[in-house]
Amino acid sequence: MQVKVVKFGGSSLADAEHFRQVASIIKADPARRYVVPSAPGQRFKEDTKVTDMLYACYEKIRNHEDVEELYQKIKDRYNGIIADLGLNFDISGELEYVKNAMMHRSGRDFAASRGEYLNGLILSKYLGFSFIDAENVIFFRENGTFDEEKTNKVLAEELMQHEKAVIPGFYGVMPNGTIKTFSRGGSDITGSIVARAAAADLYENWTDVSGFMMADPRIIENPCAIETITYRELRELSYMGATVLHEDAIFPVRYAGIPINIRNTNEPEADGTMIVAETPYYDTQKVITGVAGKKGFSVITIEKDMMNSEIGFGRKVLEVLEENEISFEHLPSGVDNMSVVVSTSCIEGRREKLVSAIRRMVRPDSVIIEDELALIAIVGRAMVKAKGTAARSFDAISDAGVNIRLIDQGSSEISIIVGVEERDFNKALEAIYSEFVK
Ligand code: ASP
């Protein structure tokens, strides 16, 4: 029989109404055996996520402020869901325990993790599934990194004991027994880890959008959804800020070759987006899979006559960056100049130091740092086959009256990166999108 791991985000479990919807999705397919929930998210725009309330509680306790009123709101969220579902389950003991543990300094991550823990308990009762506490099956190493081998072994064995189970997302345990969370949005990672351990056929990630869009809907009105995307394309788009799935959620399933299906809890009949290792299929109409971009980059341009013949020039420049613990994003270079693109926040407060270190190391004719650069990634596996994608993109950008500051294309040919002034960012994105889609 097929096995599907299903993860539901916070907005999919924000209230009893959504719990009902989630249960009907799970019950509609017996292969949906392992469920990973987030904490209750926003019910409406101004609402506060339970995770944020828990972080706020932690801060209050740390500052010796009274937490009663705020904690009552958290209790109300969970009790409200239980009452609305008509569930015969008393969670008050658990809620008291969590509050006491927070008062006794059980840590910031412990506080945050309880959002998923409590929601998982309720969901398991509601579905009639087993509850597997993530603290018994998801492990971190001493240095805080995720321990994939131990987790995979222990979790796989545990899952085999349960026909159907709920495993709360977002957290695991440190070797000393304290709770540690992944970074924000980390339930996506738990879902992926569970999918790998269950050797699942599919990892369904249920959220509040119908999959990945070809472009950011805040910039492009009603962008088309992406039907199928490869892990590599997704990495390129996520890196540039397209967020639907946590960046690190790709690795466990990618390792195991399990596809991810992004689905919409509020529109379960929509197919959503399939994320796969490889696919021969591509949309011949569109050529590109998506376009995404980010602001906030700086370019360090170093010029020196005869740079091209100076052996070790590039290494020395990169050594300066390394010594200053700055990672670089791109490295476009010319005959007598080399540019290093870095994120502006990384060099803040260290500009002078950087420039003088580069001067000392390579004795250039000039070094300048320019800010307010935006990078745009035009991504598509079909580019390898379709000629002229770069030309079409550049023409579209220049027809929109936008100056291209830099271009970078790796030899893998799945993405072209262009750099434009931040003020031209939206215009350039719109130009690219309409060239390929409309
Ligand atoms: N509840 C956590 C957060 O808000 C984790 C998650 O939802 O994935 O970041």
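So, a few notes on the structure that sits alongside this text. (Residues numbered from 1 in each chain as written. Predicted model: local features only at pLDDT ≥ 70, side-chain atom pairs only at ≥ 80, totals over all residues. Heavy atoms only, no water.)

**Considerations on the overall build of the protein**
Part 1 of the argument: The helix and strand tally for the protein stands at 14 helices and 15 strands.
Part 2 of the argument: Here the C-alpha radius of gyration of the protein, 25 Å, is about what a compact globule of 438 residues would show, namely 22 Å.
Part 3 of the argument: Reported as C-alpha extents along the three principal axes, the dimensions of the protein are approximately 75 × 55 × 40 Å.
Part 4 of the argument: Every one of the 438 residues in the protein was classed for burial, and the buried ones make up 52%.
Part 5 of the argument: Taking contacts inside the protein between residues at least 6 apart in sequence as the whole, the part at least 24 apart equals 75%.
Part 6 of the argument: Counting every atom, the protein has about 20200 Å² of accessible surface; 47% of that belongs to carbon and sulfur. (Helix = DSSP H or I, 4+ residues; strand = E, 2+ residues; numbered from the N terminus. Rg over C-alpha atoms; globule rule 2.2 N^0.38 Å. Buried < 20%, exposed > 50% of the residue type's maximum accessible area, 1.4 Å probe, protein only. Contact = heavy atoms within 4.5 Å. Areas by Shrake-Rupley, 256 points an atom, 1.4 Å probe, with all protein chains shown as cover.)

**A few points about the side chain of Thr344**
Part 1 of the argument: Considering the arrangement of structural elements, one finds Thr344 in helix α11 (residues 344-347).
Part 2 of the argument: For Thr344, the contacting residues outside a window of four places in its chain are Gly296, Phe297, Ser298, Arg351 and Asp371.

**Notes on the pattern of salt bridges**
Part 1 of the argument: Scanning the entire structure with this criterion turns up 24 salt bridges.
Part 2 of the argument: The shortest N-O distance in the salt bridge between Lys153 and Glu157 comes to 3.8 Å. Of the two residues, Lys153 and Glu157 both sit in helix α6 (residues 148-160), 4 residues apart, roughly one turn of that helix.
Part 3 of the argument: Residue classification places Lys153 among the exposed residues on the basis of a relative accessible area of 54%.
Part 4 of the argument: The partner of Glu247 in a salt bridge is Arg235, and the shortest N-O contact between them spans 2.8 Å. Within this pair, whereas Glu247 is found in the loop between α8 (231-239) and α9 (250-256), its partner Arg235 is found in helix α8, the two being separated by 12 residues in sequence.
Part 5 of the argument: Classification of Glu247 as partly exposed rests on a relative accessible area of 33%.
Part 6 of the argument: What emerges from the salt-bridge pattern is a single network uniting Arg32, Glu204 and Arg263. (Salt bridge = Lys/Arg side-chain N within 4 Å of Asp/Glu carboxyl O.)

**Looking at the side chain of Ser192**
Part 1 of the argument: Checked against the element boundaries, Ser192 lands in helix α7 (residues 187-197).
Part 2 of the argument: Excluding residues that lie within four positions of it along the chain, Ser192 makes contacts with Tyr203, Ala249, Pro252 and Val253.

**A word on the sheet that holds strand β11 (residues 290-303)**
Part 1 of the argument: Strand order in the open sheet formed by 5 strands is β12-β11-β13-β15-β14, and the pairing between neighbours is antiparallel. Both outer strands of the open sheet, β12 (337-343) and β14 (404-409), are each paired with one neighbouring strand and no more. Strand-to-strand, the axes of this sheet are offset by a mean angle of 35°, without reference to chain direction.
Part 2 of the argument: For β11 and β12, the ladder comprises 7 bridges, and the chain directions are antiparallel. (Pairing = 2+ DSSP bridges. Axes fitted to C-alpha atoms, helices over the stretch in contact; angles between N-to-C directions.)

**A short note on the packing of aromatic side chains**
Between two aromatic rings, the relevant description is the distance of the centres plus the angle of the planes.
Part 1 of the argument: As enumerated under the stated definition, the model contains 5 aromatic pairs in all.
Part 2 of the argument: Ring centres of Phe140 and Phe146 lie 6.3 Å apart, and the angle between their planes is 75°; this geometry places the pair in the edge-to-face category. For the pair Phe140 and Phe146, a shared accessibility class is recorded, and that class is buried.
Part 3 of the argument: Joined through ring pairs, the aromatic side chains of Phe140, Phe146 and Phe182 make up one cluster.
Part 4 of the argument: Its guanidinium or amino end placed over the ring of Tyr171, Arg114 lies 5.1 Å from that ring's centre, counting from NZ or CZ.
Part 5 of the argument: Sitting over the ring of Tyr239, Lys294 keeps its end group 5.0 Å from the ring centre. (Phe/Tyr/Trp six-rings, centres within 6.5 Å; stacked < 30°, edge-to-face > 60°. Lys NZ or Arg CZ within 6 Å of the ring centre and 35° of its normal.)

**Considering the pairing of strand β9 (residues 260-264)**
Part 1 of the argument: Taken across its 5 residues, β9 has 5 buried, putting it largely inside the fold.
Part 2 of the argument: Of the two faces of β9, the one holding Ile260, Ile262 and Asn264 and the one holding Asn261 and Arg263 are both buried throughout.
Part 3 of the argument: Here strand β7 (residues 202-207) pairs with β9 via 5 bridges, running parallel. Its bridge partner being in β9, Thr207 is matched across the sheet by Asn264.

**A closer look at the site of the ligand**
Part 1 of the argument: Around the ligand, the surrounding shell consists of Ser38, Lys49, Thr51, Glu116, Phe170, Arg184, Gly185, Gly186 and Ser187.
Part 2 of the argument: Contact between the ligand and Glu116: a nitrogen atom at 2.8 Å from a side-chain N or O atom of the residue.
Part 3 of the argument: The separation between an oxygen atom of the ligand and a polar main-chain atom of Gly186 is 3.4 Å.
Part 4 of the argument: Taking 260 Å² as the accessible area of the ligand by itself, protein coverage stands at 92%.
Part 5 of the argument: Classifying every residue of the shell around the ligand gives 1 nonpolar, 5 polar and 3 charged. (Near = heavy atom within 4 Å. Polar contact = N/O pair within 3.5 Å; in protein donor to acceptor, adjacent residues only side chain to side chain. Nonpolar A, V, L, I, M, F, W, Y, C, P; charged D, E, K, R; others polar.)

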